[in-house]
Amino acid sequence: DEEGEGDEIPADADSDGEEQPAFDPQSVQMTRGALDRRLKHVEKGQSFATSAAVLLSALEQTSPGAALALDMFNLAVMTIYHSQLSSGDVADLFYLTMMGDDGP
């Protein structure tokens, strides 16, 4: 036995007998593009979360008890409205909120 034998990527033979790669290069490009878009969304979300933490901290320091609760409720409603979430996502948010600490 030669070392490294069988380490090659399997290839399929086409009708002319020429070997073709076992994957579609166009699919690889599409997958890479989709992953890049998702990564940008995650990075943008992290940026938003960081800035939101600062704003929520400032809000907490300036609003007394009941006013803070009302401000947080209004902020949540505006965020849900402007984020254009689907009705299923909004239902999930309400469900998880109602479950409180007993959630999954």
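Residues numbered from 1 in each chain as written. Predicted model: local features only at pLDDT ≥ 70, side-chain atom pairs only at ≥ 80, totals over all residues. Heavy atoms only, no water.

**Structural notes on the overall build of the protein**
- Along its length, the protein carries three helices and two strands.
- Reading the secondary structure of the protein in the N-to-C direction produces β-β-α-α-α.
- Across the 104 residues in the protein, those meeting the buried criterion constitute 3%.
- For the protein, the exposed area adds up to about 9400 Å²; of that, 57% sits on carbon and sulfur atoms. (Helix = DSSP H or I, 4+ residues; strand = E, 2+ residues; numbered from the N terminus. Buried < 20%, exposed > 50% of the residue type's maximum accessible area, 1.4 Å probe, protein only. Areas by Shrake-Rupley, 256 points an atom, 1.4 Å probe, with all protein chains shown as cover.)

**A look at the layout of surface pockets**
- Considering only enclosed or pocket space, the largest pocket measures out at about 180 Å³ in volume.
- Contributions of two or more residues to the lining of the largest pocket are made by α2 (65-82) and α3 (87-99).
- Sort the elements by how many residues they give to the lining of the largest pocket and α2 lands first, with four residues.
- Of the residues in the lining of the largest pocket, the class split is six nonpolar, one polar and no charged. (1 Å grid on protein atoms, 1.4 Å probe; cavity = no way out; pocket = protein on both sides within 12 Å on 5 of 7 lines; lining within 4 Å. Points joined across faces, edges and corners; volume = space filled by probe spheres on them. Nonpolar A, V, L, I, M, F, W, Y, C, P; charged D, E, K, R; others polar.)

**Description of a nonpolar patch on the surface**
- A cluster of nonpolar side chains, namely Leu56, Met72, Leu75 and Met78, defines an oily patch on the protein surface of about 310 Å² accessible area.
- Among the elements that take part in the nonpolar patch, α2 stands out by supplying three residues, more than any other.
- Considering the arrangement of structural elements, one finds Met78 in helix α2. (Patch = residues over 30% accessible without salt bridge, like charges linked within 9 Å, V, L, I, M, F, W, Y side chains within 5 Å. Salt bridge = Lys/Arg side-chain N within 4 Å of Asp/Glu carboxyl O.)

**Observations regarding the confidence of the model for the protein**
- Within the protein, residue pLDDT values average 77, and 76% of them lie at 70 or more.
- Element-level pLDDT for the protein is lowest in strand β1 (residues 11-13), with a mean of 52, against a maximum mean of 86 in helix α1 (residues 25-62). (pLDDT = per-residue confidence, 0-100.)

**Structural notes on α2**
- With 18 residues, α2 should cover 26 Å at 1.5 Å per step; its first-to-last C-alpha distance of 26 Å lies within 8% of that length.
- At the C-terminal side of α2, Gln84 shows a positive phi close to 55°. (Expected span 1.5 Å × (residues − 1).)

**Considering the packing of α1 against α2**
- For the pair α1 and α2, the least separation of the axes is 9 Å and the interaxial angle reads 150°. Of the possible angle classes, the one that applies to α1 and α2 is roughly antiparallel. In this structure, α1 crosses over α2, and the sense of that crossing is right-handed. Across the interface between the two elements, Leu56, Leu59 and Glu60 from α1 touch Leu68, Asp71, Met72 and Leu75 from α2.
- Taken together, the residues that form the contact of α1 with α2 break down as five nonpolar, no polar and two charged. (Axes fitted to C-alpha atoms, helices over the stretch in contact; angles between N-to-C directions. Parallel < 35°, antiparallel > 145°, perpendicular 65-115°, else oblique. Left-handed = near helix turned anticlockwise from the far one by under 90°. Contact = heavy atoms within 4.5 Å.)

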